[in-house]
Amino acid sequence: MKALLTKILGDLRRRRVQAIVIFIIVTLTAGVGTLGIEVLNGSSAPFDQAFNQQAGAHLQVAFDGRVVTPDQLAATTTLPDVTASAGPWPGSILPFANGTAKVLLRVLGRADPGGPVDRLQIVAGHWATQSGEIVLTRSFAEASQLSVGSQLTAISRLDKPTLTVVGEVTDIDEADASLQSLQYAWVAPSQVAGLLGPSDHVDYVMLFRFRQAATAADLQQDTQEIEGALPPHAVANTLTYLVVKQIFTVNSTIILGFLLAFAAFALGAVVLIIANVVTGAVLASYREIGIIKALGFTPGQVVLTFVGQMLIPTLAGCIIGAPIGVLGSIPILNSSYQALNLPATTLVSPLLALFTTIGILVVVSLFATFPALRAGLLKPVAAITKGTAPGPQRRSLLSALLQRLHLPRPLSVGAGDAFARPLRGLLTALAVLIAVATLTFAFGLQSSFQKVTAIPGFFARPDVSITRYGAYPDSTLMQTLQAQPETARVVTYTFDSAIVSGLSSPVSAEPMRGSSAADGYLVSQGRWFSGPGEAVGGLAFVQEAHLKVGDRLIATVNNHPLQLRLVGIYYDVVNFGRDLRFDWSSYLEANPTVQPTFYSITLRPGADFQAYAQRVSASAPDFLSVQPRPAGTPPFVALANAIILVLALVLAVIAVAGVFNTVLLNTRERTQDIATLKALGMSPGQVVGMVVSSACVLGLLGGILGIPLGIWLHRTLLDLTTSAIGDPLPAAFYQGAFDNLAILALLALGGILAALLGGALPARSAARRSVVEVLRAE
Amino acid sequence: MNTRIELTNVSKIYNGGSKQVGLSDVSLSIPSGQFAAIMGPSGSGKSTLLNLIAGLDRPTSGTVTVDGVSLGGLSEAALARYRRQRLGVVFQFFHLLNQLSVLDNILLPAQLAGMKTATARARARDLLDQLGIAEKAGEYPARLSGGERQRVAIARALVNRPAVLLADEPTGALDSRTGEQVLDLLVEVNRGGQTIVMVTHDAKLAAAYAARVVSLRDGRILDDAQMQPSSGRSVSDLMQLEIKEAGK
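These numbers come from a predicted model, not from an experiment.

**Side note on the overall build of chain B**
Thought 1: When its secondary structure is counted, chain B shows eight helices and ten strands.
Thought 2: Counting only contacts in chain B whose residues sit at least 6 apart along the sequence, the fraction spanning at least 24 positions is 68%.
Thought 3: When the accessible area of chain B is evaluated, it comes to approximately 10,700 Å², of which 45% is carbon and sulfur surface.

**Brief notes about the nonpolar core**
Thought 1: Of all hydrophobic cores here, the largest spans 87 residues; its most connected members are Phe-262 and Phe-306 of chain A.
Thought 2: Setting aside anything within four residues of it in sequence, one finds Phe-306 of chain A in contact with Val-278, Ala-281, Val-282, Ser-285, Ile-289, Ala-372 and Ala-375 of chain A.
Thought 3: Judged by nonpolar contacts, the second largest core, of 46 residues, contains Leu-127, Leu-183, Tyr-209 and Val-213 of chain B.

**Examining the pairing of strand E3 (residues 101–109) of chain A**
Residue and element names in this part refer to chain A.
Thought 1: Counting buried positions over the nine residues of E3 gives seven, a clear majority of the element.
Thought 2: Two elements, strand E2 (residues 82–98) and E3, share eight bridges in a ladder whose sense is antiparallel. Within the sheet, the bridge partner assigned to Ser-92 lies in E3 and is Val-107.
Thought 3: The antiparallel pairing of E2 with E3 creates a hairpin that spans two residues between the two strands, and Gly-99 there sits at a positive phi of about 70 degrees.
Thought 4: Here E3 pairs with strand E8 (residues 183–187) via five bridges, running parallel.

**Quick look at the packing of aromatic side chains**
All names here are of chain A.
Thought 1: Under the definition given, this model contains 18 aromatic pairs over all chains.
Thought 2: Between the aromatic rings of Phe-208 and Phe-210, the centroid separation amounts to 6.0 Å while the plane-to-plane angle is 15 degrees, which identifies the pairing as stacked.
Thought 3: Under the relative-accessibility criterion, Phe-208 is labelled buried at 0%.
Thought 4: Where Tyr-472 meets Phe-623, the ring centres are 5.9 Å apart and the plane angle is 15 degrees; that geometry is what we call stacked. Residue Tyr-472 is found in the loop between strand E11 (464–468) and helix H14 (474–483), and its partner Phe-623 is found in the loop between helix H17 (609–619) and strand E21 (624–628); the two are separated by 151 residues along the sequence.
Thought 5: Following the ring pairs from residue to residue traces out a cluster consisting of Tyr-521, Trp-528, Phe-529 and Tyr-570.

**Structural notes on a nonpolar patch on the surface**
Thought 1: A surface patch of nonpolar side chains, about 1,000 Å² in accessible area, is lined by Leu-351, Leu-354, Phe-355, Ile-358, Val-362, Leu-366, Phe-367, Phe-370, Leu-373 and Leu-377 of chain A.
Thought 2: Within the fold, Leu-354 of chain A resides in helix H9 (residues 350–377).

**Digging into the sheet that holds strand E10 (residues 220–226) of chain B**
Residues and elements named next belong to chain B.
Thought 1: Taken together, six strands build an open sheet; the order of strands is E6-E7-E8-E3-E9-E10 and the sheet is mixed. Lying at the two open borders of the sheet, with one neighbouring strand each, are strand E6 (87–90) and E10. Neighbour to neighbour, the strand axes of the sheet diverge by 15 degrees on average, direction disregarded.
Thought 2: Sheet strands in contact with helix H1 (residues 46–53) are strand E3 (35–39), E6, strand E7 (164–168), strand E8 (195–200) and strand E9 (212–217), and its direction is about 150 degrees off that of E7.
Thought 3: Across the face of the sheet, helix H6 (residues 176–191) comes into contact with E3, E7 and E8 while running at roughly 155 degrees to E8.

**Quick notes on the interface of chain A and chain B**
Thought 1: Contacts between the two partners involve 28 residues from chain A, matched on the other side by 26 residues from chain B.
Thought 2: For the pairing of chain A and chain B, the buried interface totals around 2,400 Å² over both sides, and the portion due to carbon and sulfur atoms is 60%.
Thought 3: By the criterion of area lost to chain B, the three top residues of chain A are Arg-409, Leu-680 and Val-772 of chain A, representing 25% of everything that side buries.
Thought 4: At the boundary of chain A and chain B, one finds zero salt bridges.
Thought 5: Here chain A is connected to chain B by four residue pairs in polar contact (both at pLDDT 80 or more).
Thought 6: Taken together, the elements giving at least two residues each to the side of chain A that touches chain B come down to helix H12 (409–416), helix H19 (671–680), helix H20 (684–724) and helix H22 (771–776) of chain A.
Thought 7: Ranked by the residues each element gives to the side of chain A that touches chain B, the list is headed by H19 of chain A, at seven residues.
Thought 8: Tallied by class, residues from the side of chain A that touches chain B come to eleven nonpolar, eight polar and nine charged.

**Describing the environment of Leu-230 of chain A**
All names here are of chain A.
Thought 1: Considering the arrangement of structural elements, one finds Leu-230 in the loop between helix H5 (216–228) and strand E10 (235–240).
Thought 2: When its relative accessible area of 9% is taken as the criterion, Leu-230 is described as buried.
Thought 3: Residues Leu-230 and Ala-213, spaced 17 residues apart in sequence, show a C-alpha to C-alpha distance of 21 Å.

**Examining the sheet that holds strand E1 (residues 3–14) of chain B**
Residue and element names in this part refer to chain B.
Thought 1: Reading across the sheet, the four strands line up as E2-E1-E4-E5 and stay open at both edges, with antiparallel pairing between neighbours. A single partner strand is all that each edge strand has here, and the edge strands are strand E2 (20–31) and strand E5 (69–70).
Thought 2: Packed on one face of the sheet, H1 meets E1, E2 and strand E4 (61–66) and runs near 120 degrees to E1.

**Considering unusual backbone geometry**
Trans is the prevailing form of peptide bonds, just as negative phi is the prevailing case for residues other than glycine.
Thought 1: Look at the link from Gly-87 of chain A to Pro-88 of chain A: it is a cis peptide, with omega at 5 degrees.
Thought 2: As for its position among the elements, Pro-88 of chain A is in strand E2.
Thought 3: Backbone geometry at Lys-160 of chain A places phi at a positive 45 degrees, although glycine is not the residue there.
Thought 4: Looking at where Lys-160 of chain A falls in the secondary structure, it is placed in the loop between strand E6 (151–154) and strand E7 (162–170).
Thought 5: Located in the positive-phi region is Asp-25 of chain B, a residue other than glycine, with phi close to 50 degrees.
Thought 6: When you line up the elements, Asp-25 of chain B lands in strand E2.

About the thresholds
Residues numbered from 1 in each chain as written. Chains lettered and ligands numbered in written order. Predicted model: local features only at pLDDT ≥ 70, side-chain atom pairs only at ≥ 80, totals over all residues. Heavy atoms only, no water. Helix = DSSP H or I, 4+ residues; strand = E, 2+ residues; numbered from the N terminus. Contact = heavy atoms within 4.5 Å. Areas by Shrake-Rupley, 256 points an atom, 1.4 Å probe, with all protein chains shown as cover. Core = buried A, V, L, I, M, F, W, Y, C linked by side-chain atoms within 4.5 Å. Buried < 20%, exposed > 50% of the residue type's maximum accessible area, 1.4 Å probe, protein only. Pairing = 2+ DSSP bridges. Phe/Tyr/Trp six-rings, centres within 6.5 Å; stacked < 30°, edge-to-face > 60°. Patch = residues over 30% accessible without salt bridge, like charges linked within 9 Å, V, L, I, M, F, W, Y side chains within 5 Å. Salt bridge = Lys/Arg side-chain N within 4 Å of Asp/Glu carboxyl O. Axes fitted to C-alpha atoms, helices over the stretch in contact; angles between N-to-C directions. Buried area = accessible area lost by both parts, 1.4 Å probe. Polar contact = N/O pair within 3.5 Å; in protein donor to acceptor, adjacent residues only side chain to side chain. Nonpolar A, V, L, I, M, F, W, Y, C, P; charged D, E, K, R; others polar.

Given below as structure tokens:
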């Protein structure tokens, strides 16, 4: 054992450059891999943990108070699959003013925060028990810069009652306010009636837990049973915990997909490099292998000398990289954990870092053992006699081809050497291919993110967004908007729900008025609606209702059946595809007096968004919330872009390291040849050119093949990631992602750049080596 | 006679733990067309002398001039040009490139020197004919015998019509019969006017084939003999010198 260790450490000292290269790339890989696994483990665990602790609701149901009474709702609590229920709590969606800002809240009258379902955690202040008090979710309070003691004004009534914030809670049945815009707020039950405006009505909210609620199908069945126990159209809206969990984990899921993909790429590149190193070391050490075997090393021990040389820097890299990965996972997970009042540090697992380390060591061992077996199987006498592995003794077709093209001879000789050791060349080209594919993939991701942020609804905002509250007339607001010279286009809409045959629960319905086709929605099939009776749907809705473009459907809104024709399917980011949009004129059939609540304003080029918003707001400050589009990149997109950039750079470093290693091995093996060529009159510059040209062939090959692989990875990974969050991107999204040929050419040249960077130092070293010393050593 | 190679008070000292003298104040002139052998035991400085003439190493002091070019002030790139334009080198272990064919190995210096392809090919084939290995043009070095490889190396060294041909123990890796054949070739090349400097430790070979034998010991010139019949020096004289020095 001691002899083995002595040999391993001695060889490591001799090959310290390669050992350092392996240490660096394994550190990066271990860091990325551990980060990914920690995020994987931590992204859903806290939700599950908090959900169980707080007895979260499997199903939240809002019942239309005009159709059903609390006594009738009592029948739902005794359904066979119901294990616990809470409510019915009276409430409504009501507008509030917070200074000059206006917000909508779903207000519920609830006597206490505890109970058999949805036990709210009070994180500040106390529960609302008296008139004039209100409790908010912590994420909403933080987002709106409210705290205990702040005041909100209910603007649904002319007397505008004021409520004081007395407490903040975390609620497992709601996602963070940045992801779920309509948040709950709680008041004493007796307060609810005093907040309703003339056009408002009471809804009732109940929360349920069931025996079987693991899947959407289970919950669909439970919903149908509840509907069956009540008068028709009693259920106005439902929300399952699976959707809440989906919203909770969406950011983490997206980032996780990229992290794990990059980690897999990095590990793949690392093991290719290690296989290359071991192969080269074996080929260069024939005589030495023969000698140690003659001294008494067993074949297994010989193999271990090579494997051990790889494991030591690998272990060192994991020791440094894995903890970095653990630390790096904390800020990524923290934003989600904070919403649940869970400290992130309790949710990272050092044990996972250990598993990652073990996993990397196992994989590296395997990839080092295979080429090392050759050393173990060598016959000692043959190895000592030969001294070195047989060199390449065949004509390089590439060299001959390049010679015909009249390339300078040093370049054609060097290029021809690229596959002098075919396995080494192939492994290096593969490492470059992985890096170029990753860079291509990263470029595609960046463009895709930009495209996603341009889709209206989640990240993308119109130039100016207006919410109209109370009885302020739509017609007056429209006159105000049309009177502004900067106004180019106005699209109005409101949120409702529709019951469609075949659906387990009502679907989100958004009737729209104005030229909404120009808003930039991504239509994957058919077209946007253009008049009365036409509708477009999100993919999840269309699939659930078993519809196709051209089909007629009946959507019951406000108890009124609307005859619609599905003219298109579009990509919906807000409701994960469970969405239906149609023309405002159709909506008026069900609601003749309804007025839109939300207004999206597109301004003429060069308009000042801020000035416009201030002017419009000043026309009716008590009834309008006017928000200009915020400047800058959404924080999540900025974070994702930063992560992609860092990961792509990691892979690029690994590729350069791979090329460096190969060129180093090649120049060491060709030391005598290079010395001979210098003796024949090859200048130092020509030697560099010769060595680097060999690397460039590998880089070009990896670069050219890496592009289509990267394009495929982009499509596949985005498909998988968006499917995982339940909202797959349509095929139309990917069109044009890689149309810029100049960029593609640059990406392909990235392989050559990696070759130049990786080959430069060994080439320079080879050019400087003394001919005399080399040729003297026979 | 023109002087092809001129060494003036050349010394080479290798720095290391203890300074090692490679050459000590050596002055030597080799005229154009001469076949000179540099002889001496291991460590005598003969390879050092050859490396200095080839521009592969630089003297610690003194000057080395080859074909009118003083090597002292040349950069590495200039020395490389000098080697490809004015020198041909034959090594003991041939140092052919195994992945190139015989013809490609011979063409290599010509291509480095920028010779036109057609001209270079014609010259290479001519040399292959002269050296009796024309049929080996398409073969690879691994398939050749030692003698054939050395012939290829000689052809490679001559392709650019160098001013000086340097041969470092050209028969060291060959059996005696093959070695003699290679030396016969060198003599024939020399008859055509080629200046040749050959390093060898074998006094018998040196005397039999070279017109002049310079004997080195411990970095100094011990003897400088013209091997002409009129000089009266003979092989046995050189052998005696060698035995006497070995006994010291």
